[in-house]
Number of protein chains: 2
Amino acid sequence: MLIINLGIGLKVAIIGGGAAGMSAASRIKRLHADWDVMVFERAPYVSHAPCGVPFYVSGMVGRIEDLCAYDISHFKEDRGIDVHIRAKVVEVGDGFLRVEEGGKERRYEWDKLLFATGARAAPLNVKCEELDGVLCVHYIENGERVRRLAEKSESVVVIGSGYIGVEMAEALSRLGKKVVILEKEKHPLPDFDYEVSSIIQQKLQQIVDVRFSENVVAIEGKDRVERIITDRDEYRCDMVIMAVGSIPNVELAKELGVEIGNTGAIKTTKRLETSIENVYAAGDCAETTNIVTGTEDWIPLAVPANKMGYVAGVNISGYEMEFPGALRSQLTSFYDIEIGKTGLSEKEAIKFGFDTISVTISAKTSTKYLPNGNITLKVIADKDGKLLGVQAAGKKVAMRIYAASTLLYKKSTISDMFFADLPYYPPENRVWDPLVVAARTLFRKLGIP
Amino acid sequence: MLIINLGIGLKVAIIGGGAAGMSAASRIKRLHADWDVMVFERAPYVSHAPCGVPFYVSGMVGRIEDLCAYDISHFKEDRGIDVHIRAKVVEVGDGFLRVEEGGKERRYEWDKLLFATGARAAPLNVKCEELDGVLCVHYIENGERVRRLAEKSESVVVIGSGYIGVEMAEALSRLGKKVVILEKEKHPLPDFDYEVSSIIQQKLQQIVDVRFSENVVAIEGKDRVERIITDRDEYRCDMVIMAVGSIPNVELAKELGVEIGNTGAIKTTKRLETSIENVYAAGDCAETTNIVTGTEDWIPLAVPANKMGYVAGVNISGYEMEFPGALRSQLTSFYDIEIGKTGLSEKEAIKFGFDTISVTISAKTSTKYLPNGNITLKVIADKDGKLLGVQAAGKKVAMRIYAASTLLYKKSTISDMFFADLPYYPPENRVWDPLVVAARTLFRKLGIP
């Protein structure tokens, strides 16, 4: 732990009050109570967690404010952070910012700057996607609009069946809406291999009208959305949820001359420095390392965003800490089917150039003589037995993805997956956990007796 | 993978048909279909899993046979193993065995021998512990006796509050019995630190009559047990469950001259060889390595027993595979409180000579805005940040112990626990998982900013 520069009363500007921005701000104030830490956030909330929007839309969560980790007053009063909400940064210059807030434009100075500008919903690039009734859920403010509009709607089209599309389809179908999902790929959750996503596909097909290999060509309507036209059909609807992915918000960083990486996000070092001295980036706007491939990647997820913010905060404060990267670990569900993934799918691994072996097993989640569920688990490794990725769908998925994430983080082999001493308790798992059975099956493919 | 000796038609004798014995037998027949693999088991079952006994006693499991992983016919017919049940080995000599079975004594020859003789309930060494109505649950046959006797009993005393004592107390109280637990230590689950076992203690005290720091001095009764006398009180009862630990069955191994380790179990190499050539040991009768301390240990649990059997089978078959050791990972519950542990408790770590730091946190298991539970988590590390052990009690314990076991297996640090990229999904966990919060708290104690 090398102390580089402790400074006195430095001014830190943070653009974006989401997970990364608020984690960084909190860390800096903890390490330097005397520093002036300013956060500029466009929305009326900070520490907003859009992962909760589907639960707000479905009515499981009562108030939109509940989706924020903390109140603004907590950050201001308890942590001493100078939080500006409804504050739009309109220019970033060397050592200064210009901000529109409260109807006025103001100028602030900074010694150190953090881009925590997040990501936004990717556009479809079709006609009329700005029509009323066409919404995304990247911002929690939109949660309120979706919920209000859903009350008046009968038919909803969800475009995209990544995890946001799947979660929104559940939320809306739980409200009794007629839901159509349009997916341009052949299967839902395109990040997954089909051996595992097929479990979700079956359940989706039972509950919503899901169309694969279908491309949206236009959105139509007069004052508001009325129908979606695809290359195969058309769908009347009162509301559209756009869930076709996201793109990093890097415009302000570009303006300052910060280098953008090949992924389209801001290039960073392990200490989350950008190409400009005293300028950092963290969270969904920034690149990181994919721990499995060892190369730069863009992984816009809540867990790495929070930790990148934390690490950026430590480094901005003049200490040294490295962010090791992420695994794109994810977990979601559709009704009673959980699904999770960590590391690479087999198709991603092959695309990256790995010579893969893999196994997919279906197993009971608990000991056979107790109430039970099914889990389908796929494990991918290279020909030296190095673990590349794990996916699972069914019941009790989280615990397996927890163990698998840890194994991947520690660059483990199939043998490690076999021998890691996971505990056994009849109601919770099996003495030969599905992870261990999968490892044992891969032993054969590696010539291990 | 070095092939040492593939032999032809070798004879392998395995003493004990539990987890280790049947895993080894299955592996050997898979690698050498032509070898003669004999298993000698005293009980009328093989691949019996005593972990299930509490679920049989409580009535959750209907038939005692359901507690066996497979039927005997499966091992005989599908796997080609020569299984002898109700077969008591009375002498082990160099290259031969004498066995009592079907009322006769027979002699068998072996080229390779595996001790998989398991463990038995430890005695209390008090008067009259052989009285009728005094039972242990180390053998599944006893499950039937306990269930039958429980039907006629009103009051049961459980001696010991390790995980078997706690599980049996739940099973019997679910049957409406008046249950007293007598524990000589100050708290239940003495393997745990009190910060975590206190959560179980509270629940135990709500449901059963639990007495701590009380030593049994005698068991009394005429034809059958009538009362227990302790150093502080006496308890009338119709039935007693002995759950004061276990001891390895090493008598036959000693007879052959096999070296016994300091733990009292059979000394083994990583390949599960004993001190005598062609003689192996696996499962609850054998020593292994404690992965955290790196020293020999005796860890009689189902998961290592199965894997030791597997590894012994590979080595007996003439291939090479090492068993890396175990972490004493365990998981159990008492009513709705789950409890788990992997690695060392703080008191164990201190006893072993580690200079420890630790933290205990109480947290919600899921995101605050969704239905939630509480978890209490303790993490122990050394002063260099090397992880030594994790314990948890409350809800959603298994997934945290899964991740923690994997971290310990890979000899991880607190920093690894912080950065391992565990996935987030609001109903399942928190964006800052309790494991990550604990790691972050330990950073302070290590001087990490």
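Bear in mind the structure is a predicted one, so any value in this text is a computation, not a measurement.

Scoring rules and cut-offs
- Residues numbered from 1 in each chain as written.
- Chains lettered and ligands numbered in written order.
- Predicted model: local features only at pLDDT ≥ 70, side-chain atom pairs only at ≥ 80, totals over all residues.
- Contact = placed C-beta atoms within 7 Å.
- Helix = DSSP H or I, 4+ residues; strand = E, 2+ residues; numbered from the N terminus.
- Nonpolar A, V, L, I, M, F, W, Y, C, P; charged D, E, K, R; others polar.
- Buried ≥ 20, exposed ≤ 12 C-beta atoms within 10 Å, placed from the backbone.
- pLDDT = per-residue confidence, 0-100.
- Axes fitted to C-alpha atoms, helices over the stretch in contact; angles between N-to-C directions.
- Left-handed = near helix turned anticlockwise from the far one by under 90°.
- Least-squares fit on C-alpha atoms with pLDDT ≥ 70 in both.
- Pairing = 2+ DSSP bridges.
- Domains from an automatic or database assignment.

**Q** So what exactly am I meant to see when it comes to the interface of chain B and chain A here?
**A** One frequent convention defines the size of an interface as the accessible area lost when the parts assemble. Contacts between chain B and chain A engage 58 residues on the former and 58 residues on the latter. Of all the secondary structure elements, the ones that give two or more residues to the side of chain B that touches chain A are helix H8 (302–316), strand S21 (330–334), strand S22 (337–343), helix H10 (397–409) and helix H11 (414–419) of chain B. Element by element, the count of residues in the side of chain B that touches chain A is highest for H10(B), at nine residues. Residue composition of the side of chain B that touches chain A, grouped by class: 38 nonpolar, 14 polar and six charged.

**Q** Please clarify how the environment of B:Lys29 should be interpreted in this entry.
**A** Residues and elements named next belong to chain B. Mapped onto the elements, Lys-29 comes out in helix H1 (residues 19–31). C-beta crowding within 10 Å serves as the criterion here: with 22 such atoms nearby, Lys-29 is assigned to the buried category. For Lys-29 and Ala-243, which are 214 residues apart along the polypeptide, the C-alpha to C-alpha distance reads 36 Å. Not counting residues up to four positions away in its chain, the partners in contact with Lys-29 are Trp-35, Val-37, Arg-79, Gly-80 and Ile-81.

**Q** Is there a simple way to think about the confidence of the model for chain A in this case?
**A** If pLDDT is low for a region, its predicted coordinates should not be looked at in detail. When pLDDT is averaged across chain A, the result is 95; 98% of the residues are at 70 or more. This complex was scored by the predictor with a pTM of 0.96 and an ipTM of 0.96.

**Q** Sorry if this is basic, but what is going on with the packing of helix H1 (residues 19–31) of chain A against helix H8 (residues 302–316) of chain A here?
**A** Think of two packed helices as two axes; the pair is described by the angle between the axes and how far apart they sit. Residues and elements named next belong to chain A. Running from N to C, H1 and H8 cross one another at 30°; their axes reach a closest spacing of 7 Å. In the packing of H1 onto H8, the handedness of the crossing is right-handed. Note on element contacts: H8 touches H1 through Ala-302, Ala-305, Asn-306, Met-308, Gly-309, Tyr-310, Ala-312, Gly-313, Val-314 and Ile-316, opposite Ala-19, Ala-20, Gly-21, Met-22, Ser-23, Ala-24, Ser-26, Arg-27 and Ile-28. A per-class count over the contact of H1 with H8 returns 12 nonpolar, six polar and one charged.

**Q** Honestly, the relation of the copies chain B and chain A in this entry has me stumped. Any pointers?
**A** One copy of the chain maps onto the second through a rotation around an axis plus a translation along that axis. Overlaying chain B with chain A gives an RMSD of 0.0 Å, the required rotation being 180° about an axis along which the chain moves by 0.0 Å. The operation mapping one copy onto its partner corresponds to a two-fold rotation axis. Mapped onto chain A, 100% of the interface residues of chain B again fall at the interface, so both copies present the same surface.

**Q** When you look at the sheet that holds strand S13 (residues 216–221) of chain A in this model, what are you seeing that I'm missing?
**A** Strand pairing in a sheet relies on backbone hydrogen bonds. The paired strands run either parallel or antiparallel. Residue and element names in this part refer to chain A. The strand order across the open sheet formed by three strands is S13-S14-S15, and the pairing between neighbours is antiparallel. Looking at strand neighbours, the two that pair on one side only are S13 and strand S15 (234–236), the edges of this open sheet. Neighbouring strand axes in the sheet, compared pairwise and without regard to direction, differ in orientation by 20° on average. As paired strands, strand S14 (residues 225–230) and S15 are joined by three bridges and run antiparallel to one another. Bridge pairing links Arg-227 to Arg-236 in S15.

**Q** I'm lost on the environment of B:Val311 in this one. Help?
**A** All names here are of chain B. Inspection of the secondary structure assignment puts Val-311 in helix H8. The class of Val-311 is buried, set by 28 C-beta atoms lying within 10 Å. For the pair Val-311 and Val-57, spaced 254 residues apart in sequence, the C-alpha separation works out to 33 Å. Ignoring any residue separated from it by four or fewer positions in sequence, one finds Val-311 in contact with Leu-272, Met-321 and Phe-323.

**Q** What's the story with the domain arrangement of chain A in this structure? I'm lost.
**A** Residue and element names in this part refer to chain A. For chain A, the assigned domains are domain 1 (11–120 + 247–316), domain 2 (123–242) and domain 3 (336–445). Taken over C-alpha atoms, the centre of domain 1 sits 29 Å from the centre of domain 2. Every contact between the two is made by 13 residues of domain 1 and, on the other side, 17 residues of domain 2. Elements represented by at least two residues in the side of domain 1 that touches domain 2 include exactly helix H2 (53–57) and strand S8 (119–121).

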